[in-house]
Amino acid sequence: MGTSPQDHEIVPGTFPEGFAFGAATAAYQVEGGWQDDGKGPSIWDVFVHAPGHITNGHTADVADDSYHKFREDVQMLVKLGVTHYRFSIAWTRLMPNGTSSSINQRGIEYYNDVINELLAHNIQPFVTLYHWDLPQALQVEGGWLNSTIVNHFRDYADLCFRTFGDRVKMWITFNEPFIFLWNGYVAGTFAPGVQQSNALFLGANIIIKSHAAVYHLYDTRYRATQQGQVGITLDSEWYEPKDRNKSSDVTAQARAMSFRLGLFASPLLTGDYPDDVKTALQVNAQRLGVTSPLPPFSQEEKRSITGSLDFLGLNHYNTMLVADTNSTSTFGIDLTTDTSYPSLAYRTDTGSENDYQRLMGFGLRKLLNYIRTTYNNPVVYITENGYKGCGTMKDEKRIEYIREYSNNVLKAIRDGCDVRGYFVWSLMDNFEWTSGYTVRFGLYYVDFRKDSRPRYPRSSADFYSLLVRERGFTPAVMDFRAYPADRDTFLYDHFPRNFSWGVATSAYQVEGAWNEDDKGPSIWDTFVHHGNHIANKDTGDVACDSYHHIADDVQMLKELGVQHYRFSIAWSRILPDGTPESLNTLGVKYYNDLIDALVANNIQPMVTLHHWDLPQALQDRGGWRDDAIIDHFNDYARVCFEQFGDRVKLWITFNEPFEVSWSGHGNGQSAPGIHDPGVGVYTVAHNIIRSHAKAFHTYDTHFRHVYKGKVGITLNIDWKEPMTTSEEDELAAERAMMFKLGWFGNPIYGDGDYPEVMKRVVAEKSQRQGLTTSRLPTFTAAEKRLNRGAYDFLGINHYTTHLTSNKQKPSLNASYDNDQDIDTHVDPCWPGVGNAWLWVNPWGLRNVLRWVRDRWGNPPVYITENGRPDIEGPHDIDRIYYHRNYTNELLKAIKLDGCDVRGYTAWSLMDNFEWTSGYSERFGLYAVDFNNPNRTRSPRESVTFFRELIQENGFVKS
């Protein structure tokens, strides 16, 4: 076919007065409570509990727990502003065995409560009687292939009409009978898992008669008093001929529409099956010498079914290309996706999930016009239409989908189609049948990992509420976006001419030689040798053995073509007991040799003074919790400035002081393993900040005029994206940024003191905990003056992003973690890397840099670490994707946002000892064979990518 601008044009205008806007769910997909309060088992209860049927073994035993949370669901509908809510009744919740002999009053009470709650908020219930969850007791008797079910379904409907009909005015008998018959009774991939070749046609005949029986029941017994309407919901794709110039494809299109939509619509609207369906099945049966699988309707049945609906519900999601196969199969068609239309995949660059679903809203308009012309323009409600994705919170693709498809409904109305309402599938994420919870349709995100099943509005919820409020397509609706248009646009451009590219390591992670040449023990030497702190009981005793492989490491750097190499000095290698009195000339020689080799190859050393490996001798005296450490660190920094300052022009005082404070002294998961989350964590941070300031001023006063170097600090930060657009989540995300990056950054790059929000919150919590002073220490006026501006640049280590929401039930337990009053989440669409903390979300880096620019006056920044673990082997395509896209976000921050970023440093040059993960994670551009005594290094594919990126200093389309 090929896409055209007209296909995606959004026309302004409003829907007719009284047009229904709604959202939809189904009982089995959201209720949970699968055996609560007398509910009987359905075919889906049985099906999901049998192994192998559902992705990841998921079940809907709890699902969204709407059985217990329906009032919360109604509040979500209120916020959307919808006029109607489409939901279904679980047959077995009312009739546990499917018959009138077993009526469950607790089930009746539940649906009464739901209906009353809706009406109390002026939301009309739009109720489906059957949404696939047949009572298992009736399936034992043959289910929808046994004609006795007609009476059982009529009895069930009768109970619903007389119990709820005084308040429910819109009834749907069946949802998508084609789907549940084909998948459940022919293919066997859905409940009840039956495989019977003629089941589609036998079941269709019985379902149509069941529907008609219920329609006439309502018409004769209830309509006069209840004044409601009864319809059926059918699903259909729209089919476009693959080649309009081939008559066989045009015929195939008509045949596809007849088999998919017409199999049910034609009997109900015209009294019999489509002629081409009957003919195709008869011809095929004659060829095989058998009877047609399509049971005929008697004349009496035709009279009963004709016109037996007040409206047609239509579920539509996709448009497909159809071609004739010239085969003798039942349908004789082949369906494909037209890939010329915009992909709705989250990552279109990789052709990831949902690539089959394309933005083809015109198909819905054509489908509605087909119904208008074929079936004399019946009343239609779009009872389901929605976007299936991986679940991102800023779901721009869902917004584009809803906007285009609903706009085509408006276009169809202008064509003369009698469409009365539009329902988005779905109100919230739910159990999506055999896909379990791996795909997400919801306007609201549901966190299925938590027992409380919290719901959070996505951007599409904001959009849909605006569409409903405006009742159509105003400029605000037409222009609405979840995020700026350039967020996912790849920028082809170059970095500034003097931009510096580098790679990083750290002493304990690569050097080895833990006790050679008079080196003293560090806290990490102690930590790895005592207890079971490290995966596989790995240690850094040898690591990459860089202590003996300077030449090899420098050769790798030359191959990459980097301009700088970030490494750290092991404090206890040059000062074994942490003080200048223990100066170790062999340790000094090692770093001199490394620095000289770098300089000789035009590679600038970027040296970190403290990368977590405090001398154990100083830890024994109190470590970072003792104020004396400030002078010890200053003495150590002075020694380094004196010994190496003539050649080292970029100094980093501390790497990730947050990790030293929180992981080392808060939760105790890293060396030195101290658990003091409420007080010690703040004491350590306080001393680190004062240590940095003192060392900076030592360099500034005594060394800068001689060596002309620069001093900064490296802070690590995950971007904190608000979970929703609510003010409380926006504030929570800002609070999280201040509690992590601002904790260390604001004293240095801001006003010299801790962030105001941090001081206020910790003081208030300390008071409520019965303390007379805040757990957060205070700086003196003199210290604030020393802190403020104590930098030449800011180093940023960034790896990932967290979604951040306001904690609804704050904890009063004294802990840095609790002080923030936040919850963190992971966007389901962000690819994981196999560990518990890193998810790939490149645009988070750009947001971090803009945050720094806006809060602290755009200081010079170096990205001092950025990377991800990948496979052990050479083909690390996911690492290439990571570095390519994160560096492109960095380029946007420089070129589009004006952020003053001077360089980028990939973590890591080579695989190394990754702290408590040992050697189980591989971050290296170069692989290291840790089973080989020589620790052989070998380049991965990412080496070629990174070298070419450096050579080009940016991105060109070629």
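Here the structure is a predicted model, which means the values were calculated and not measured. (Residues numbered from 1 in each chain as written. Predicted model: local features only at pLDDT ≥ 70, side-chain atom pairs only at ≥ 80, totals over all residues. Heavy atoms only, no water.)

Some words on the overall build of the chain
So, point 1. Each helix and strand counted, the chain has 34 helices and 28 strands in total.
So, point 2. Relative to the 2.2 N^0.38 estimate, which gives 30 Å for 958 residues, the radius of gyration of the chain is 33 Å and therefore close to what a compact globule would have.
So, point 3. Based on the C-alpha atoms only, the size of the chain along its principal axes is roughly 105 × 65 × 50 Å.
So, point 4. The proportion of buried residues among the 958 residues of the chain is 63%.
So, point 5. In the chain, the proportion of contacts linking residues at least 24 apart, taken out of those at least 6 apart, comes to 77%.
So, point 6. Roughly 33800 Å² of accessible area belongs to the chain as shown, and the carbon and sulfur atoms make up 48% of that amount.
So, point 7. Seen as two clouds, the 92 positive and the 117 negative side-chain charges of the chain have centres 3 Å apart. (Helix = DSSP H or I, 4+ residues; strand = E, 2+ residues; numbered from the N terminus. Rg over C-alpha atoms; globule rule 2.2 N^0.38 Å. Buried < 20%, exposed > 50% of the residue type's maximum accessible area, 1.4 Å probe, protein only. Contact = heavy atoms within 4.5 Å. Areas by Shrake-Rupley, 256 points an atom, 1.4 Å probe, with all protein chains shown as cover. Lys, Arg positive; Asp, Glu negative; His and termini not counted. Charge placed at Lys NZ, Arg CZ, Asp CG, Glu CD.)

With respect to the pairing of strand E5 (residues 170–175)
So, point 1. Of all six residues in E5, six are buried, a share of seventy percent or more.
So, point 2. As judged from the four bridges shared by strand E4 (residues 124–130) and E5, these two strands associate in the parallel manner. Bridging across to E5, Thr128 finds its partner in Ile172. (Pairing = 2+ DSSP bridges.)

Overview of the pattern of salt bridges
So, point 1. Applying the stated criterion across every chain yields a total of 64 salt bridges.
So, point 2. Measuring nitrogen to oxygen at the nearest pair gives 3.1 Å for the salt bridge that ties Asp447 to Arg449.
So, point 3. Take Asp447: its relative accessible area is 0%, and that puts it in the buried class.
So, point 4. With a shortest N-O distance of 2.4 Å, Asp631 and Lys694 are connected by a salt bridge. Of this pair, Asp631 sits in helix H24 (residues 629–644) while Lys694 is found in helix H26 (residues 680–702), placing the two residues 63 residues apart along the sequence.
So, point 5. The exposure class assigned to Asp631 is partly exposed, which follows from its relative accessible area of 40%.
So, point 6. One continuous salt-bridge network, built from bridges that share partners, spans Asp272, Asp275, Lys278 and Lys302. (Salt bridge = Lys/Arg side-chain N within 4 Å of Asp/Glu carboxyl O.)

With respect to the pairing of strand E25 (residues 861–865)
So, point 1. Burial within E25 is extensive, with five of its five residues counted as buried.
So, point 2. In this sheet, E25 lies alongside strand E22 (residues 793–797) in parallel orientation, the contact comprising four bridges. Within E25, the residue paired with Leu794 across the bridge is Val861.
So, point 3. For the crossover from E25 across helix H33 (residues 877–895) to strand E26 (residues 901–907), the handedness is right-handed. (Right-handed = clockwise from strand over helix to strand, strands pointing away.)

Let's talk about the state of the cysteines
So, point 1. Per the stated rule, a full pass over the model turns up one disulfide.
So, point 2. Across the disulfide from Cys390 sits Cys829; the S-S distance is 1.9 Å. Taking the torsion about the S-S bond as the criterion, the Cys390 to Cys829 disulfide, at about 110°, is right-handed. One end of the pair, Cys390, is in the loop between strand E11 (380–384) and helix H15 (396–415); the other, Cys829, is in the loop between strand E24 (822–825) and helix H32 (843–856), with 439 residues separating them in the sequence. (Disulfide = S-S within 2.5 Å.)

Description of the environment of Glu109
So, point 1. By secondary structure assignment, the location of Glu109 is in helix H6 (residues 105–120).
So, point 2. Along the sequence, Glu109 and Phe644 sit 535 residues apart, while their C-alpha atoms lie 79 Å from each other.

Remarks on the domain arrangement of the chain
So, point 1. Partitioning the chain into structural domains gives domain 1 (13–257 + 293–479) and domain 2 (500–952).
So, point 2. If you average the C-alpha positions of domain 1 and of domain 2, the two centres end up 51 Å apart.
So, point 3. Taken together, the 15 residues of domain 1 in the interface contact 17 residues of domain 2.
So, point 4. With both chains or domains summed, domain 1 and domain 2 bury close to 1400 Å², and 56% of this area falls on carbon and sulfur atoms.
So, point 5. Across the domain 1-domain 2 interface, the total number found is one salt bridge.
So, point 6. Measuring nitrogen to oxygen at the nearest pair gives 3.4 Å for the salt bridge that ties Glu721 to Lys394.
So, point 7. Linking domain 1 with domain 2 are five residue pairs in polar contact (both at pLDDT 80 or more).
So, point 8. Its residues assigned to classes, the side of domain 1 that touches domain 2 comprises six nonpolar, two polar and seven charged. (Domains from an automatic or database assignment. Buried area = accessible area lost by both parts, 1.4 Å probe. Polar contact = N/O pair within 3.5 Å; in protein donor to acceptor, adjacent residues only side chain to side chain. Nonpolar A, V, L, I, M, F, W, Y, C, P; charged D, E, K, R; others polar.)

Let's talk about the sheet that holds strand E7 (residues 238–241)
So, point 1. Within the open sheet, the three strands sit side by side as E7-E9-E10. Their pairing is mixed. A strand with exactly one partner marks an edge of an open sheet, and here the two such strands are E7 and strand E10 (333–336). On average, adjacent strands in this sheet sit at an angle of 40° to one another, irrespective of strand direction.
So, point 2. Bridge analysis of E7 against strand E9 (residues 319–324) gives four bridges, and the strand direction is parallel. Note that in E9 the partner of Glu240 across the bridge is Leu321. (Axes fitted to C-alpha atoms, helices over the stretch in contact; angles between N-to-C directions.)

Focus: the sheet that holds strand E18 (residues 604–610)
So, point 1. Here eight strands make up a closed barrel; going around it, the order is E16-E17-E18-E19-E20-E22-E25-E26 and the pairing parallel. The average angle at which neighbouring strand axes cross in this sheet is 25°, direction not considered.
So, point 2. Both E18 and strand E19 (residues 650–655) contribute to a ladder of four bridges, which runs parallel. Looking across to E19, one finds that His610 is bridged to Phe654.
So, point 3. Across the sheet, H24 touches E18 and E19, and the angle it forms with E18 is around 160°.

Notes on the environment of His316
So, point 1. Relative to the assigned elements, His316 resides in the loop between strand E8 (311–315) and E9.
So, point 2. Considered as a pair, His316 and Asp133 are 183 residues apart in the sequence and their alpha carbons are 21 Å apart.
So, point 3. Setting aside chain neighbours within four positions, we find His316 in contact with Ser236, Glu237, Trp238, Gly363, Leu364, Leu367, Glu384, Asn385, Gly386, Tyr401 and Tyr405.
So, point 4. Among the polar contacts made by the side chain of His316, one reaches the main-chain carbonyl oxygen of Ser236 at a distance of 2.9 Å.

Details of the side chain of His883
So, point 1. The topology assignment puts His883 in helix H33.
So, point 2. One polar contact links His883 to Tyr904, side chain to side chain, over a distance of 2.7 Å.
So, point 3. In contact with His883, other than residues within four places in its own chain, are Asn866, Gly867, Tyr904, Ala906, Trp907, Leu925 and Phe945.

Quick notes on unusual backbone geometry
So, point 1. Residue Trp425 is joined to Ser426 through a cis peptide bond whose omega torsion reads 10°.
So, point 2. As for its placement among the helices and strands, Ser426 is situated in the loop between strand E12 (419–425) and strand E13 (444–446).
So, point 3. Note the cis peptide between Ala671 and Pro672, where omega equals 5°.
So, point 4. Within the fold, Pro672 resides in the loop between helix H25 (657–665) and H26.
So, point 5. With phi around 45°, Arg453 is a residue other than glycine that occupies positive phi space.
So, point 6. For Arg453, the location among the structural elements is in the loop between E13 and strand E14 (455–457).
So, point 7. One non-glycine residue, Arg471, lies in positive phi territory at about 60°.
So, point 8. Within the fold, Arg471 resides in the loop between helix H16 (459–470) and strand E15 (472–473).
So, point 9. Since its relative accessible area comes to 23%, Arg471 is described here as partly exposed.

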